[in-house]
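# Structure assessment
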Amino acid sequence: LCSKPTVNQLPFSIANHPGYMMEENEKRNIHVQSWSPLSTTLPRYRDVMADIGKKYNKNAAQVGLRWIVQSGGSYCVQSQKESHFREDLD
């Protein structure tokens, strides 16, 4: 038996978001989930995301994660601190 995938885990972030990625997955009814969404984003875009976050009282990571959600994807993150998980959900 073959089953159709419903989630495609990709390195999708502000730093890596080819336009075709979301479109091609949407055509197939496949949801894009970003794995390790901040690993390449924060070093390169921290200052820009922090400036955007100041307007909304959010940190750079929260801005980057929100961008993923607003682009139609979701994300999975890893942290050893509960406070970071709570921030990611805010």
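Reference entry: report on the structure contained in this document.

Conventions we followed
Once a new chain begins, its residue numbering starts again from 1 and follows that chain's sequence as written. Local features in this predicted model are restricted to residues of pLDDT 70 or higher, and side-chain atom pairs are both shown and tallied only at a pLDDT of 80 or more, whereas totals for entire chains, interfaces and linings draw on every residue. Excluded from the side-chain calculation are hydrogens and water; included are all heavy atoms of the structure. Being paired, for any two strands, means DSSP has found at least two bridges between them. Numbering of helices and strands runs from the N terminus, with a helix taken as a DSSP run of H or I at least four residues long and a strand as a DSSP run of E at least two residues long. Note on method: axes are straight lines fitted to C-alpha atoms, helices fitted across the in-contact stretch only, with angles between N-to-C directions ranging 0 to 180 degrees. For this analysis, a salt bridge means a side-chain nitrogen from Lys or Arg found within 4 Å of a carboxyl oxygen belonging to Asp or Glu. Think of it in three bands: with a 1.4 Å probe and only protein chains considered, a residue is buried below 20% of the maximum accessible area for its type, exposed above 50%, and partly exposed in between. Patch rule: a residue counts if its relative accessible area is over 30% and it has no salt bridge; like charges are joined within 9 Å, and nonpolar side chains (Val, Leu, Ile, Met, Phe, Trp, Tyr) within 5 Å. With residues, only the protein chains shown are counted as cover, and all accessible areas are computed by Shrake-Rupley using a 1.4 Å probe.

## With respect to the sheet that holds strand β3 (residues 74–76)
Overall, parallel pairing links the three strands, which are arranged β1-β2-β3 in an open sheet. The open sheet terminates on both sides in strands that have one partner only, identified here as β1 (7–10) and β3. The mean angle between the axes of side-by-side strands here comes to 30°, regardless of whether they run parallel or antiparallel. Inspection of the sheet shows β1 paired to strand β2 (residues 31–35) by four bridges, in the parallel sense. Across the sheet, the residue bridging to L10 is S34, located in β2.

## Some thoughts on the pattern of salt bridges
This structure, assessed with the given rule, holds three salt bridges. With a closest N to O distance of 3.0 Å, E24 and K27 form a salt bridge. Linking E24 with K27, this pair stays in helix α1 (residues 19–27), spanning three residues, or about one helical turn. Residue K27 is classed as exposed on the basis of its relative accessible area, which comes to 58%. R28 serves as the salt-bridge partner of E24, at 3.0 Å between the closest nitrogen and oxygen. Owing to a relative accessible area of 43%, R28 belongs among the partly exposed residues under this scheme. Each of E24, K27 and R28 takes part in a single network of salt bridges with overlapping partners.

## Description of a nonpolar patch on the surface
On the surface, V48, I52 and Y56 cluster together into a nonpolar patch covering about 300 Å² of accessible area. Inspection of the secondary structure puts Y56 in helix α2 (residues 41–56). Look at Y56 and you get exposed, because its relative accessible area is 52%.

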